[in-house]
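# Summary of the model geometry
Next come the chains, spelled out residue by residue.
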Amino acid sequence: MSTSGGRRRFLWRGVAVFGSVFVAGCERLSRTTWFPPILASAETLNMRVQRLLTSRPSMAREYTEADLSPHFRSNGTAMPEDFGYLSQSQKGFAGWALHVGGLVESPLRLSLADLRAMPSRTQITRHDCVEGWSAIGKWTGVPLREVLARARPRANARYVVFRCADPMEDGDDTNYYESIDMDDAYHPQTILAYDLNGSPLPVPNGAPLRLRVERQLGYKMAKYLMAIELVESFDSIRGGKGGYWEDKGYEWYAGI
Amino acid sequence: MALPANDAPHTAVYKRHSLAVRVMHWINVIAVVVLVMSGLQIFNAHPALYWGKSSYTGAGPILALDPFPGWITLPDTQWLAMGRRWHLFFAWVLVLNGAAYVLYSIVSRHLSRDLWPSREDVRSIGSSIADHLRLRHPTGKAALRYNVLQKLAYVVIVFGVFPFLVLMGLGLSPSVDSIVPGWVDVFGGRQSVRTLHFIAGAIIVAFAAVHLFEVVVTGLVNNIRSMITGRYRIPGEKSP
């Protein structure tokens with residue numbers, strides 16, 4: 001009996017030691033350079049499988065007016081701390097223009113009036129934040145593919161990079177940026193939205209123009225758009241991961 | 001079936017769990033621990049639960065909690081990006097391991113032989129409940145087989161709770177939602193799905209707690225040995 005009691009105590013101690021080593025090991029692994037990329041391989045798997053299941057025309061659910069959130073939550077930047085942006089915002093973005101460049105045949109400069117004159121799409125969709133909450137809003141804007149049709153991307157253009165007006169940190173060149181690939185860029189629900197719930201986009205939600213990519217999480221949907229750049233790779237763009245949060249360890253493919 | 005006992009003369013040693021079941025059990029243990037801890041990390045990014053299509057419907061959350069403490073989350077500080085990395089990787093481990101287990105259970109007849117309650121099992125539910133409450137457990141050769149409550153718990157967890165948990169997890173993905181637009185609304189909407197994912201996780205944790213309790217009260221050493229080496233000892237019985 002005493003041997004069995006001793007063995008039991010040994011086993012309990014073993015379980016406790018194993019548990020704390022396991023947890024400490026997980027913490028240690030999170031901070032190594034080699035392990036997180038192994039975990040990140042799941043992102044590629046998720047993207048491959050989800051892209052296989054959601055062929056290009058698969059559409060995000062669209063809701064009705066009855067489902068609208070009374071107040072559409074603003075997250076991240078609510079007011080860009082940038083002198084140029086603030087002065088444009090005071091002038092109702094009259095002098096603002098979206099620049100489209102990079103790997104395109106014809107670079108564009110589109111004012112708000114130009115964008116509003118282009119074909120538009122209105123969609124009531126659900127915004128899912130990576131934090132876990134959702135809000136439903138009615139967005140009106142220009143399908144990105146209409147803009148791309150005018151700019152005519154070159155054959156080697158693989159990604160669309162969005163440059164924003166909101167600095168995220170102190171110092172130069174910390175403005176928010178994001179990117180999507182051509183699959184999402186040409187999706188019918190991918191729009192450059194200038195209206196929210198029938199009114200011009202408020203500043204906390206990204207005035208004067210924000211991106212909507214309805215089959216991905218909220219951080220992909222860059223606010224305060226200033227420029228669009230078509231690129232072949234992210235190598236020369238800041239952290240090289242294709243987005244502000246991506247450079248901080250979030251997935252580039254935010255479909256889950 | 002019986003292996004020769006090599007130490008105690010009056011102890012018979014039986015093979016209780018197959019190698020496949022043992023390996024898949026421990027993979028599952030690791031996956032569940034990582035998924036629960038990283039899941040709480042993700043939950044802490046917005047520690048409130050809602051019912052409906054969105055979080056902002058005019059009605060408040062159905063449950064707003066304080067964030068879970070660091071010792072129970074992975075990583076142990078607020079680090080959503082790393083929590084998601086762990087969670088989304090081990091979700092695949094759980095699903096592939098679980099699918100392998102289900103396939104194995106059907107093909108090897110582990111399901112029909114050991115897991116699916118027989119008619120006699122169903123008739124003995126009442127007495128089995130009474131036995132469990134009095135912590136009276138099967139001894140001798142009866143301990144080699146799952147009892148009826150054990151069978152029911154395993155079948156419900158493996159074929160009910162885990163698939164539901166995974167489905168609710170997939171329902172959180174805006175991309176998976178778009179495969180059949182609106183399918184998450186069958187469960188009340190995306191925020192309901194998030195709440196159900198959390199509840200299913202809580203059921204798994206509750207199951208694990210009861211499971212561990214039963215492992216302890218029915219012979220910790222013997223049980224753990226049988227899940228590692230496969231060998232289970234029945235004292236007071238001569239080796240056949």
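It should be noted that the structure appears before, not after, this text.
Residues numbered from 1 in each chain as written. Chains lettered and ligands numbered in written order. Predicted model: local features only at pLDDT ≥ 70, side-chain atom pairs only at ≥ 80, totals over all residues. Heavy atoms only, no water.

Taken together, the 58 residues of chain A in the interface contact 48 residues of chain B. Here chain A meets chain B over a buried area of about 4400 Å², counting both sides, of which 62% is carbon and sulfur. It is Leu39, Arg61 and Ile256 of chain A that lose the most area in chain A upon contact with chain B, and together they represent 13% of the buried surface on that side. At the surface where chain A touches chain B, the tally comes to 7 salt bridges. Linking Asp177 of chain B and Arg126 of chain A is a salt bridge whose minimum nitrogen-to-oxygen distance equals 2.5 Å. Along the contact surface separating chain A from chain B lie 24 residue pairs in polar contact (both at pLDDT 80 or more). Those elements giving two or more residues to the side of chain A that touches chain B turn out to be α1 (2-30), α2 (35-53), β3 (121-128) and β4 (134-143) of chain A. (Contact = heavy atoms within 4.5 Å. Buried area = accessible area lost by both parts, 1.4 Å probe. Salt bridge = Lys/Arg side-chain N within 4 Å of Asp/Glu carboxyl O. Polar contact = N/O pair within 3.5 Å; in protein donor to acceptor, adjacent residues only side chain to side chain. Helix = DSSP H or I, 4+ residues; strand = E, 2+ residues; numbered from the N terminus.)

In terms of nonpolar packing, the biggest core is built from 65 residues, with Leu144, Val147, Val160, Phe162 and Leu192 of chain A touching the most fellow members. Per-element accounting of this core gives the leading share, 6 residues, to strand β5 (residues 159-167) of chain A. When near neighbours in sequence (up to four residues on either side) are disregarded, Val147 of chain A contacts Val100, Leu108, Leu110, Leu115, Met118, Val142 and Leu192 of chain A. Judged by nonpolar contacts, the second largest core, of 19 residues, contains Phe35 of chain A together with Met82, Val161 and Ala200 of chain B. (Core = buried A, V, L, I, M, F, W, Y, C linked by side-chain atoms within 4.5 Å. Buried < 20%, exposed > 50% of the residue type's maximum accessible area, 1.4 Å probe, protein only.)

This part takes up the packing of aromatic side chains. Under the counting rule described, the total for this entry stands at 24 aromatic pairs over all chains. Ring geometry for Phe234 of chain A versus Trp252 of chain A: centroids 6.0 Å apart, planes at 45°, classification tilted. Of the two residues, Phe234 of chain A sits in the segment after β10 (225-231) while Trp252 of chain A sits in the segment after β10, which places them 18 residues apart along the sequence. Taking relative accessible area as the criterion, Phe234 of chain A reaches 10% and is therefore assigned buried. Centroid distance Tyr146 of chain B to Tyr154 of chain B: 5.1 Å. Interplanar angle 90°. Geometry classified as edge-to-face. Note on accessibility: Tyr146 of chain B and Tyr154 of chain B belong to one class, buried. By way of ring pairs, the aromatic residues Trp34 and Phe35 of chain A together with Trp86, Phe89 and Phe90 of chain B are connected into one cluster. In this arrangement the basic side chain of Arg16 of chain B is found over the ring face of Tyr232 of chain B, its NZ or CZ atom lying 3.8 Å from the centre. (Phe/Tyr/Trp six-rings, centres within 6.5 Å; stacked < 30°, edge-to-face > 60°. Lys NZ or Arg CZ within 6 Å of the ring centre and 35° of its normal.)

Residue and element names in this part refer to chain B. Here helix α8 (residues 190-217) crosses helix α9 (residues 220-228) at 115°, and the two axes come no closer than 6 Å. Taken together, the axes of α8 and α9 are roughly perpendicular relative to one another. Between α8 and α9, the contacting residues are Glu214, Val215 and Val216 on the first element and Leu220, Asn223 and Ile224 on the second. Here the contact of α8 with α9 is built from residues that sort into 4 nonpolar, 1 polar and 1 charged. (Axes fitted to C-alpha atoms, helices over the stretch in contact; angles between N-to-C directions. Parallel < 35°, antiparallel > 145°, perpendicular 65-115°, else oblique. Nonpolar A, V, L, I, M, F, W, Y, C, P; charged D, E, K, R; others polar.)

Attention now moves to the sheet that holds strand β2 (residues 108-111) of chain A. All names here are of chain A. The sheet built from 5 strands is open, its strands ordered β2-β1-β10-β5-β6 with mixed pairing. Edge strands, defined here as strands with exactly one partner in the open sheet, are β2 and β6 (175-181). Across the sheet, the axes of successive neighbouring strands diverge by a mean angle of 20°, strand direction being ignored. Here strand β1 (residues 97-102) pairs with β2 via 4 bridges, running antiparallel. Note that in β2 the partner of Leu98 across the bridge is Leu110. Taken strand by strand, helix α5 (residues 144-151) contacts β1, β2, β5, β6 and β10, and its axis lies near 140° from that of β2. (Pairing = 2+ DSSP bridges.)

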